[in-house]
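Structural features, examined
Residues per chain are reported as follows:
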Amino acid sequence: MEEQIVGCPFVKTQERIYNLSRGLESLTKEEHGLFFDAMHRLELPNEVKQAAVALYLDFKTRPIGAYNSSRKNLKIFLLASVSIAAKVTGDLRTDPEFESKMFVSREKLVDAEERMIRSFGVQDSIIPIPELVLQLTKRQMESMGESFARQELVTDNEKEELVRLSYDYLDAAVERGLDPMMSYRGRAAGVMLRAVRDLDLQVSRVDIARAAGFDKGSMGVNANAIESLLKDLKNSESNGS
């Protein structure tokens with residue numbers, strides 16, 4: 001998986017983020033402390049901090065950011081910026097890590113991520129929203145694959161094949177008109193559910209929903225939308241054979 005991270009198109013994305021980062025000096029004392037605590041608890045590299053700060057400061061300038069700032073409700077969005085930045089820079093982190101180390105519920109983290117991502121689509125942003133969602137989806141699928149492997153639901157080889165096929169199915173779904181408003185986690189869950197089925201892997205819908213940050217019921221709508229786009233696509237077609 002490391003080779004995918006090094007060679008992926010996130011490099012240009014990272015350059016955009018770093019170039020627009022105003023640095024830690026733009027944070028309040030409280031915000032600086034929260035960022036430092038998150039970086040320490042999660043043992044994240046400096047590049048994640050740089051990206052997270054840039055995303056967070058960009059978010060604060062938007063109406064939803066100003067609204068939540070006036071209500072002292074920015075901590076969850078600060079953590080969401082860290083979660084998004086970790087994926088943007090290729091540092092795969094799971095929701096359980098945020099739950100156990102940062103004491104934040106998965107539901108609140110997922111909601112804050114989606115609010116931040118949608119805010120970036122309202123006006124010019126540090127990264128075009130379709131590109132951001134696409135790359136976050138791919139990172140989420142990698143993270144889910146790693147999670148399945150750690151739980152010994154799949155072997156390392158099966159994990160690699162699962163992620164590869166999920167990439168192919170995601171590209172096919174986008175080409176066939178995937179709803180641009182579908183969340184990146186919803187995309188990842190729906191695509192991986194289809195790939196798991198086609199590879200005949202012993203990973204349940206509950207396992208997939210949990211890894212994507214959903215409950216089983218919430219995942220159903222996204223899974224059905226993905227399936228309707230891919231219903232006539234076969235595994236061999238995704239390989240171009």
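A brief look at the structure comes next.

On to the overall build of the chain, then. Counting its secondary structure elements, the chain contains 14 helices and zero strands. Listing every helix and strand of the chain by position from the N terminus yields α-α-α-α-α-α-α-α-α-α-α-α-α-α. The buried share of the chain, taken over its 241 residues, is 52%. Within the chain, residue pairs in contact and separated by at least 24 positions form 79% of the contacts whose partners lie at least 6 positions apart. Accessible area for the chain stands at about 11600 Å²; split by element, carbon and sulfur atoms hold 50% of it.

Two aromatic rings are characterised by how far apart their centres lie and by the angle between their planes. The tally for this structure, following the rule as stated, stands at two aromatic pairs. Their ring planes at 80° and their centres at 5.6 Å tell us that Phe35 and Tyr56 sit as a pair that is edge-to-face. Here Phe35, found in helix 3 (residues 29-42), pairs with Tyr56, found in helix 4 (residues 46-60); they are 21 residues apart in sequence, far enough to count as distant. Across this residue pair, the class does not change: Phe35 and Tyr56 are buried.

Below, the discussion takes up helix 11 (residues 184-199). An ideal rise of 1.5 Å per residue puts 22 Å on 16 residues; helix 11 measures up with 22 Å between its terminal C-alpha atoms. Within helix 11, 13 of the 16 residues are buried, leaving the element largely enclosed by the surrounding structure. Looking at the residues trailing helix 11, positive phi occurs at Asp200, about 55°.

Residues Phe35 and Val82 are the most contacted members of the largest nonpolar core, which totals 37 residues. Those elements that provide at least two residues to this core are helix 3, helix 4, helix 6 (75-88), helix 7 (95-102), helix 8 (106-120) and helix 9 (129-150). Once residues lying within four places of it in the same chain are set aside, the contact partners of Phe35 are Leu27, Ala52, Val53, Tyr56, Leu78, Ser81 and Val82. Core analysis: the second largest hydrophobic core is formed by 35 residues, Tyr169, Ala172, Leu178 and Leu193 among them.

Structurally, Asp111 can be placed in helix 8. The exposure class assigned to Asp111 is partly exposed, which follows from its relative accessible area of 39%. Separated by 34 residues in sequence, Asp111 and Phe77 place their C-alpha atoms 9.4 Å apart.

Mapping Leu74 onto the fold places it in the loop between helix 5 (63-70) and helix 6. On the basis of relative accessible area, Leu74 is assigned to the buried category, the value being 10%. Separated by 38 residues in sequence, Leu74 and Ala112 place their C-alpha atoms 9.6 Å apart.

Glancing now at the environment of Ser105. The residue Ser105 is located in the loop between helix 7 and helix 8 in this model. Owing to a relative accessible area of 29%, Ser105 belongs among the partly exposed residues under this scheme. Between the C-alpha atoms of Ser105 and Ile76, which are 29 residues apart in sequence, the distance is 9.7 Å.

Across all of its chains, the model carries 16 salt bridges by this definition. Measuring nitrogen to oxygen at the nearest pair gives 2.9 Å for the salt bridge that ties Asp37 to Arg41. Of this pair, Asp37 and Arg41 both sit in helix 3, four residues apart, which is roughly one turn of the helix. Relative accessible area serves as the criterion here: at 27%, Asp37 is assigned to the partly exposed category. On the accessibility criterion, Arg41 (34% relative accessible area) is partly exposed. With a closest N to O distance of 2.5 Å, Asp232 and Arg176 form a salt bridge. Placement of the pair is Asp232 in the loop between helix 13 (216-230) and helix 14 (235-238) and Arg176 in the loop between helix 10 (156-175) and helix 11, with a sequence separation of 56 residues. With relative accessibility at 35%, the residue Arg176 sits in the partly exposed group.

A few words now on unusual backbone geometry. One non-glycine residue, Phe103, lies in the positive phi region at around 55°. Its location among the elements puts Phe103 in the loop between helix 7 and helix 8.

Within the secondary structure, Ser81 is located in helix 6. If sequence neighbours within four positions are ignored, Ser81 has contacts with Phe35, Ala52, Leu55, Tyr56 and Met116.

Rules used throughout
Residues numbered from 1 in each chain as written. Predicted model: local features only at pLDDT ≥ 70, side-chain atom pairs only at ≥ 80, totals over all residues. Heavy atoms only, no water. Helix = DSSP H or I, 4+ residues; strand = E, 2+ residues; numbered from the N terminus. Buried < 20%, exposed > 50% of the residue type's maximum accessible area, 1.4 Å probe, protein only. Contact = heavy atoms within 4.5 Å. Areas by Shrake-Rupley, 256 points an atom, 1.4 Å probe, with all protein chains shown as cover. Phe/Tyr/Trp six-rings, centres within 6.5 Å; stacked < 30°, edge-to-face > 60°. Expected span 1.5 Å × (residues − 1). Core = buried A, V, L, I, M, F, W, Y, C linked by side-chain atoms within 4.5 Å. Salt bridge = Lys/Arg side-chain N within 4 Å of Asp/Glu carboxyl O.

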